[in-house]
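Now for the letters of each chain:
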Amino acid sequence: MKRALVIGAGGQVGTELVAALRGLYGQENVLATDLRRQAAAGLGGPCAPLDCTDGEAVLAAMRRFRPDTVFHLAALLSVTGEARPQLAYRVNLGGLVNVLEAARTEGPAIFFASTIASFGPSIPLDLVPQDAAQRPTTMYGITKAAGEMICDYYHLRFGVDTRGLRFPGLISHMAEPGGGTTDYAVEAIRGAVAHGAYTCPLRADTQLDMMYMPDAIRAAVELMQADPSRLTHRNAFNVTAMQFTPRSLAKEITRHLPHFRMDYRVDPLRQSIADSWPRRIDDSVAREEWGWTEKYDLAAMTADMIASLRRPKSASAAFPTSV
Ligand code: AKB
């Protein structure tokens, strides 16, 4: 990888991925694009507005910039996807097909961000294996499960180098998440630092897979750098770093902020989404095929999040420069 195009760069993952890629490959070799012009411009460096549902615009961006790798991150997440299912379908699937079609002629490798939400409640939800049946019940999950298959199709049929990760809930302090069910974890830590309290929309015992953003960024970059001859799977790898419940997260936060209080006002939509997702996925295939390993567990993530949120903004903007 030498030159990367990031689509959906202004989101929670894109913000940190762009910074990491620019640290690795040079500012001028990473083009940040987003539907919202300001979101891409705010990252500094080369940027452009881009709507992934506009196939001609996607093709033109690839022709102009000539990336060898495209990180396709633009998507509506689980809660927003239930509020606007038709839009989620157009952006999450239509946008992906536009990216794959352009890649077919322009040749870059494609990173696809899939999710634990691509699984559904019809399978045992503890230690869900890599190749478990995917029968998601949210529009977000349906678009991501179908997206994985379309990515594999473009690889098998047209030779496009597609690779993807099933991200768990992602926790970060730089850009705020938006529209996800697992966002509660970020909101809880932010709430703890800002006011010592948080009202959680999920039941105290709701266990989900999670990952701290530095691990997620490293996972995406390492997967795209992996030797393709080692990859039996492609779209998409289970990856996880920790599992916790709102109750165990609250307990960990109180080790740093003893007066923190979490109370609960369960949102039925978010709870039903969370109940349809794995309590834990098995990521041993990613560990075997390209050496995935996490660096942050619940304790390390919580300590780093709290320290970063307490630091003045400019000092906390330190990006990883090597993976
Ligand atoms: C969401 O909660 O919708 C996302 C996800 C788990 O993919 N963070």
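Every value quoted in this text rests on a predicted model; they were computed, and no experiment measured them. (Residues numbered from 1 in each chain as written. Predicted model: local features only at pLDDT ≥ 70, side-chain atom pairs only at ≥ 80, totals over all residues. Heavy atoms only, no water.)

S.K.: Quick one: what's the story with the site of the ligand, residue by residue and with numbers?
M.R.: Every residue close to the ligand is listed here: Leu 77, Ser 78, Thr 115, Ile 116, Tyr 140, Gly 180, Thr 181, Thr 182 and Trp 277. A distance of 2.6 Å separates an oxygen atom of the ligand from a polar side-chain atom of Ser 78. At a separation of 2.9 Å, a nitrogen atom of the ligand approaches a polar side-chain atom of Thr 182. Computed on the free molecule, the ligand has an accessible area of 250 Å², of which 93% lies beneath the protein chains in the complex. Here the shell around the ligand is built from residues that sort into four nonpolar, five polar and no charged. (Near = heavy atom within 4 Å. Polar contact = N/O pair within 3.5 Å; in protein donor to acceptor, adjacent residues only side chain to side chain. Areas by Shrake-Rupley, 256 points an atom, 1.4 Å probe, with all protein chains shown as cover. Nonpolar A, V, L, I, M, F, W, Y, C, P; charged D, E, K, R; others polar.)

S.K.: I'd like a rundown of the environment of Gln 38, residues and numbers included.
M.R.: Among the secondary structure elements, Gln 38 is positioned in helix 2 (residues 37-41). Distance in space between the C-alpha atoms of Gln 38 and Leu 17 is 17 Å, their sequence separation being 21 residues. (Helix = DSSP H or I, 4+ residues; strand = E, 2+ residues; numbered from the N terminus.)

S.K.: Please provide a residue-by-residue account of the side chain of Ser 114, values included.
M.R.: Along the chain, Ser 114 turns up in strand 5 (residues 109-115). A relative accessible area of 2% means that Ser 114 is categorised as buried. (Buried < 20%, exposed > 50% of the residue type's maximum accessible area, 1.4 Å probe, protein only.)

S.K.: Which residues make up the packing of helix 7 (residues 183-195) against helix 9 (residues 246-256), and what values go with them?
M.R.: Put simply, helix 7 and helix 9 touch, their axes get as near as 11 Å, and they point 30 degrees apart. Viewed along their axes, helix 7 and helix 9 adopt a mutual orientation that is roughly parallel. Between helix 7 and helix 9 lies a crossing of right-handed hand. Residue-level inspection shows Tyr 184, Ala 185, Ala 188, Ile 189 and Ala 192 of helix 7 in contact with helix 9, the latter providing Pro 246, Leu 249 and Ile 253. Looking at side-chain class alone, the contact of helix 7 with helix 9 contains eight nonpolar, no polar and no charged residues. (Axes fitted to C-alpha atoms, helices over the stretch in contact; angles between N-to-C directions. Parallel < 35°, antiparallel > 145°, perpendicular 65-115°, else oblique. Left-handed = near helix turned anticlockwise from the far one by under 90°. Contact = heavy atoms within 4.5 Å.)

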